[in-house]
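Topology and contacts: notes
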Amino acid sequence: MAVRNRQKSSAVFKRKKKVWKIQSKLFAYARKVQLKILVRFPAVRGKGPNSASLLIEVFIDILEDPVIKNVIVLQTVLQEVRSRSAPVYKRIRDVIGNPEKHFYSFTNEHHRETYIEQEQGESSNDRNDRAIRVAVKWYSEHLKKIQKEENEDIQVIFLTNDRNNKEKEYIKSLIDNPDLVDRLACVSDEGKEIESGKIIFPEHVPLSKLQQGIKSGIYLQGTYRASRDNYLEATVWVHGDAEENKEIIIQGLKHLNRAVHEDIVAVELLAKDEWVAPSSVVLQDDGQNEDDIEMEEKKENILKISVNKNMLRPTGKVVGIIKRNWRPFCGMLSKSQIKEARRHLFTPADRRIPRIRIETRQADKLEGQRIIVAIDGWPRNSRYPNGHFVKNLGSAGDKETETEVLLLEHDVPHQPFSQNVLSFLPKMPWSITEKDMKYREDLRHLYVCSVDPPGCTDIDDALHCREIGNGNLEVGVHIADVSHFIRPGNALDEESAKRGTTVYLCEKRIDMVPELLSSNLCSLRSNVDRLAFSCIWEMNQKAEILNTRFTKSIINSKASLTYAEAQMRIDSATMNDDITVSLRGLNKLAKILKKKRIDNGALTLSSPEVRFHMDSETHDPIDLQTKELKETNSMVEEFMLLANVSVAQKIYDEFPEFALLRKHPAPPPSNYDILVKAAKSKNLEIKTDSAKALAESLDKAESPDFPYLNTLLRILTTRCMMQAVYFCSGMDSDFHHYGLASPIYTHFTSPIRRYADIIVHRLLAVAIGADSTYPELTDKHKLADLSKNLNYRHKMAQYAQRASVAFHTQLFFKTKGVVNEDAYILFVRRNAVVVLIPKYGLEGTVFFEEKDKPTPKLDYNSEVPSLTVEGTTLCVFDKVKVNITLDASNIQHQKIRMELVEPKVRHMICVF
């Protein structure tokens, strides 16, 4: 073995001789630069890669600060980082690439004086440790020669997490930069556990044993999802084949065992006699008694109330962490009551994330600010994880700051487009050329128009309808040809793929593509020539499709209308121009198409949406009302759906293994429990055997005395649904879209704001011979990875939009004083009810337990469902009256507070 190792080492040495000759040039350059700091990102002996990656994250926050300059990062270190954390590796490379920072990478593994062999019996970790120390020693001696020659004082400082090798004097020199000292605090105290009395959590099973246990079936692996409503409960979605996917309930502090939302965890199932039902109790962690474990145990006892055996679900406990998915968290500092204390609690904006203990010397400055904090670790004897301060975002409540928070919290890429990305945009002035006309049909003679919300500038789609000679109708959906401008593989394409979708907030839009495309060259504005991708049908008067064709085209929209303007034309008795006649034809066909869809089992659901009217100067909301939908909304929707179905079938026929499709899984039967019980309480029956049965029973579920009941049932049905997702046809066998009752579906009609549509356009272009393919387009594994990112971005965009609505709702009520409105009970919990205010599309949770006040007598009935509070019974769908005010007493989580006026009971209510 020793001989073979020597032979191998000799070969390696020969290969590196040429590289070493180049090193002299590097160091001739290095003599010109004063490099004061040598940084090591350390490995952690005896611990897995996750711990090391965590330490790297800590150092990265410091290294990115403008104060830190003149740094050498060793090649050994870069290799460690690259293997452990791709995002952090990218951040290091970006810092090294910034000329103002003066960061340099030293290829110590390819320099004669610093290269070392791995010794027999030496671990890779220990070898790297030695290589770093050799490089430090050599570089120190190397710089001594420069100091003598040029009479300069150059100090080499070796930064590491090894407590015996830290340069304390350098740490002290950062006192003038308290932000940096705060970020180093938890690093300096690495290994120190909070001196609490007793162990709180069980020890995590080592990764190697977890993997063996998962393989043998002792443990299950899944994604940990914390509850927003109950900090002592979570679910773990078990990974596996579709038929094996299931949720496991986790209840109680010790069973949660230091897992954080979105971690990949290992779970051990409990015995069946220990299984529990999903909790109907709303519990929030106030963080007031962090060391009072007895209080926590009392709260856990609230969960252990006997329930119907049919409600019990598989229950388990977290035994170990497979992968931490920690990220920087936005929130606020909860300053310690102890005078001059340095340890404080940080309260994240996301209620699913536990409070984090940080050490800071600038608590007075950070109080009332939105800040970013990173988690460093979570000892067994600490109620909360330890972390460190990263960045101050600005004052809480400030519109710009709060918008930044919601974008960061929902991981929405919102940085300006880089010059590299912008370099792939067309040069202005731009016009359609003869080359652009190739493979295109000139449709500029058609009376095409667009119909959109007011103020829309990114117009994706336009339509036309005209009679043709045989008595049939020609109907066209024309979609912006974004794929003409965004070519595969360039920086513009990669950035668009990363962003995945445009995000619409109340006051701003975070574009997926640069504005030159989104609001100009791709936008199908009126009276300008634009490139389009057209789907054209020949239909008879019964809206039966006789022929379908697809073509790249050039159009010239004759009108850019709002939904209200289009509706006015359709309804007008005097307007009979070509655009109006086209709209009437489209509207007539759309009604037939919609009826056919509903007859086939498509669902018509409801979700309250609101629209803000902004002050033109302050941009604060001055009016808030639910959106009113017109016939023209439905008209446009029907033809977009039809185009998406037609294109889905076409690309699947051409590319059965590589089509990017969209499906909507059927909900599991248990999802409908709350809907069925709520309907039953009003003597109505909801059938959930199929989408068609559900749609038909919803249509019948009406009450002459309670017209809003049907809307409430449809809102509740929406909450029972699964998320629709993108997928690659070659990686799945179930294509069905449950909500639309369609066997196949995709997204084709919004390429300005959805990257999925760009891929579908490319597939369709190849299918009709209008463009050429490329390797990634026919790689089902890469399409599956792309789908995963698109699903994530779409979900985060939805959450960000909801958060923006919530914030602007608070701004609206800030100056309104007390507002009295009607509301309806949507859900009943064991200690609370959730109400909906139709006028504002606003939801609130009424709590019937207040801190430091006697608990009222509560009687919860899960079958009706109802909650009796001190003799007053509240049922699902009951109409109540509330007074609405803004409670700004907790600046971290400002609430819309509602006082229940009718019926009158002891209560407290707030909207999160």
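Criteria and cut-off values
Residues numbered from 1 in each chain as written. Predicted model: local features only at pLDDT ≥ 70, side-chain atom pairs only at ≥ 80, totals over all residues. Heavy atoms only, no water. Helix = DSSP H or I, 4+ residues; strand = E, 2+ residues; numbered from the N terminus. Buried < 20%, exposed > 50% of the residue type's maximum accessible area, 1.4 Å probe, protein only. Contact = heavy atoms within 4.5 Å. Areas by Shrake-Rupley, 256 points an atom, 1.4 Å probe, with all protein chains shown as cover. Phe/Tyr/Trp six-rings, centres within 6.5 Å; stacked < 30°, edge-to-face > 60°. Lys NZ or Arg CZ within 6 Å of the ring centre and 35° of its normal. Pairing = 2+ DSSP bridges. Axes fitted to C-alpha atoms, helices over the stretch in contact; angles between N-to-C directions. Parallel < 35°, antiparallel > 145°, perpendicular 65-115°, else oblique. Left-handed = near helix turned anticlockwise from the far one by under 90°. Nonpolar A, V, L, I, M, F, W, Y, C, P; charged D, E, K, R; others polar. Salt bridge = Lys/Arg side-chain N within 4 Å of Asp/Glu carboxyl O. Core = buried A, V, L, I, M, F, W, Y, C linked by side-chain atoms within 4.5 Å. Arc of directions from axis to C-beta. Expected span 1.5 Å × (residues − 1). Polar contact = N/O pair within 3.5 Å; in protein donor to acceptor, adjacent residues only side chain to side chain.

**Observations concerning the overall build of the protein**
- Helix and strand counts for the protein stand at 24 helices and 36 strands.
- Relative to its full complement of 912 residues, the protein shows a buried share of 51%.
- Long-range pairs, those at least 24 residues apart, make up 70% of the contacts in the protein with a sequence separation of at least 6.
- By element, 49% of the accessible surface of the protein is carried by carbon and sulfur atoms, the whole surface being about 43600 Å².

**Examining the packing of aromatic side chains**
- Taken as a whole and judged by the stated rule, the model has 14 aromatic pairs.
- Measuring from ring centre to ring centre gives 5.5 Å for Phe-706 and Tyr-824, while their planes differ by 25°; the resulting arrangement is stacked. Highlighted residues: Phe-706 in the loop between α21 (691–700) and α22 (709–720) and Tyr-824 in strand β28 (residues 819–828), separated in sequence by 118 residues. For the residue pair Phe-706 and Tyr-824, the accessibility class agrees, reading buried in each case.
- An aromatic cluster of three or more residues is present, and its members are Phe-106, Trp-138 and Tyr-139.
- Looking at Lys-558, its charged tip hangs above the ring of Tyr-447, at a distance of 5.9 Å from the centre.
- It is Lys-663 that lies over the ring of Phe-727; its NZ or CZ is 5.4 Å from the centre.

**Things to note about the pairing of strand β2 (residues 71–74)**
- Burial along β2 is two-sided: the face carrying Val-71 and Val-73 and the face carrying Ile-72 and Leu-74 are both buried.
- Judged from the 4 bridges that link them, β2 and strand β3 (residues 103–106) form a sheet pairing that is parallel. Each bridged residue has a counterpart across the sheet, and for Val-71 the counterpart in β3 is Phe-103.

**Notes on the side chain of Thr-401**
- Mapped onto the elements, Thr-401 comes out in helix α12 (residues 399–409).
- The exposure class assigned to Thr-401 is buried, which follows from its relative accessible area of 6%.
- Other than its neighbours up to four places away in sequence, Thr-401 contacts Arg-370, Leu-393, Gly-394 and Ser-395.

**A few points about the packing of helix α18 (residues 578–599) against helix α19 (residues 631–654)**
- Relative orientation of the contacting elements α18 and α19 amounts to 70°, with a least axis distance of 8 Å. With respect to α19, the axis of α18 lies roughly perpendicular. As α18 runs across α19, the sense of the crossing is left-handed. Facing Leu-583, Leu-586, Asn-587, Leu-589, Ala-590, Lys-591, Leu-593, Lys-594 and Arg-597 of α18, the residues of α19 in contact are Glu-631, Ser-634, Met-635, Glu-638, Phe-639, Leu-641 and Leu-642.
- Looking at side-chain class alone, the contact of α18 with α19 contains 9 nonpolar, 2 polar and 5 charged residues.

**A few points about the pattern of salt bridges**
- Within this structure, the stated rule accounts for 47 salt bridges.
- As a salt-bridge pair, Lys-552 and Asp-481 come within 3.2 Å of each other at their nearest N and O atoms. Linking Lys-552 in strand β22 (residues 545–556) with Asp-481 in the loop between β18 (473–480) and α15 (491–499), this pair joins segments that are 71 residues apart in sequence.
- Exposure remark for Asp-481: the relative accessible area of 1% places this residue in the buried category.
- As a salt-bridge pair, Asp-822 and Lys-879 come within 3.6 Å of each other at their nearest N and O atoms. Of this pair, Asp-822 sits in strand β28 while Lys-879 sits in strand β34 (residues 879–887), and the two are 57 residues apart along the sequence.
- You can call Asp-822 partly exposed: its relative accessible area is 28%.

**Focus on the sheet that holds strand β7 (residues 247–251)**
- The sheet built from 5 strands is open, its strands ordered β7-β6-β5-β8-β9 with antiparallel pairing. Two strands bound the open sheet, and with one partner strand each, they are β7 and β9 (316–323). Strand-to-strand twist of the sheet, defined as the mean angle between neighbouring strand axes without regard to direction, takes the value 40°.
- The sheet contact formed by strand β5 (residues 220–226) and strand β6 (residues 233–238) spans 5 bridges and is antiparallel.

**Re the packing of α12 against helix α24 (residues 780–814)**
- Closest axis-to-axis distance for the α12/α24 pair is 10 Å, and the angle between their directions is 155°. Classed by the angle they form, the pair α12 and α24 counts as roughly antiparallel. The handedness of the crossing between α12 and α24 is right-handed. Residues Lys-399, Glu-402 and Leu-406 of α12 touch α24, and the partners they reach there are Ala-800, Ala-803, Ser-804, Phe-807, His-808 and Leu-811.
- Across the contact of α12 with α24, the residue classes tally to 5 nonpolar, 2 polar and 2 charged.

**Things to note about the sheet that holds strand β10 (residues 329–334)**
- Spatial ordering of the closed barrel is given by β10-β11-β12-β14-β13, a layout of 5 strands whose pairing is mixed. Adjacent strand axes in the sheet meet at a mean angle of 55°, parallel and antiparallel pairs treated alike.
- For β10 and strand β11 (residues 343–348), the ladder comprises 4 bridges, and the chain directions are antiparallel. Bridging from a neighbouring strand, Met-332 pairs with Thr-347 of β11.
- Its contacts with the sheet place α12 against β10, β13 (369–377) and β14 (386–395), and it is angled at close to 140° to β14.

**Here's the deal with unusual backbone geometry**
- Residue Met-428 is joined to Pro-429 through a cis peptide bond whose omega torsion reads 0°.
- Within the element layout of this structure, Pro-429 appears in the loop between α13 (419–422) and α14 (434–437).
- A cis amide bond, omega -15°, links Val-864 with the succeeding residue Pro-865.
- On the secondary structure map, Pro-865 appears in the loop between β31 (858–861) and β32 (866–869).

**Quick look at the nonpolar core**
- Core analysis: the biggest nonpolar cluster contains 88 residues, and Leu-517, Trp-537, Leu-583, Phe-639, Phe-748 and Ile-759 have the highest contact counts within it.
- Leave out the neighbours within four places in its chain, and Leu-583 touches Cys-449, Val-451, Leu-561, Ala-566, Arg-569, Ile-570 and Met-635.
- Membership of the second largest hydrophobic core comes to 55 residues, among which are Ala-679, Leu-826, Val-828 and Leu-836.

**Structural notes on helix α17 (residues 563–571)**
- Taken as a whole, α17 has its buried residues at Tyr-563, Ala-566, Gln-567, Arg-569 and Ile-570. Each buried residue of α17 lies within a common arc of 160° when the element is viewed along its axis, so the set occupies one face. Among the exposed residues of α17, those pointing more than 90 degrees away from its buried face are Met-568 and Asp-571.

**Here we look at α18**
- With 22 residues, α18 extends 32 Å between its outermost C-alpha atoms, agreeing within 8% with the 32 Å of an ideal straight helix rising 1.5 Å per residue.
- Taken as a whole, α18 has its buried residues at Ile-579, Thr-580, Ser-582, Leu-583, Gly-585, Leu-586, Asn-587, Leu-589, Ala-590, Leu-593 and Arg-597.
- The N-capping residue of α18, defined by a side-chain oxygen 3.2 Å from the backbone nitrogen of Ile-579, is Asp-577.
- Note on α18: the residue one or two positions beyond its end, Gly-601, has a positive phi of about 110°.

**So, the environment of Leu-232**
- Relative to the helices and strands, Leu-232 resides in the loop between β5 and β6.
- For Leu-232 and Asp-285, which are 53 residues apart along the polypeptide, the C-alpha to C-alpha distance reads 8.7 Å.

**Here's the deal with the environment of Leu-790**
- Within the fold, Leu-790 resides in helix α24.
- Sequence separation of Leu-790 and Gly-500 is 290 residues, and the distance between their C-alpha atoms is 5.4 Å.
- In contact with Leu-790, other than residues within four places in its own chain, are Ala-497, Gly-500, Leu-660, Tyr-726, Tyr-755 and Ala-756.

**Comments concerning the environment of Gln-362**
- By secondary structure assignment, the location of Gln-362 is in the loop between β12 (356–359) and α11 (363–366).
- Distance in space between the C-alpha atoms of Gln-362 and Arg-342 is 8.4 Å, their sequence separation being 20 residues.

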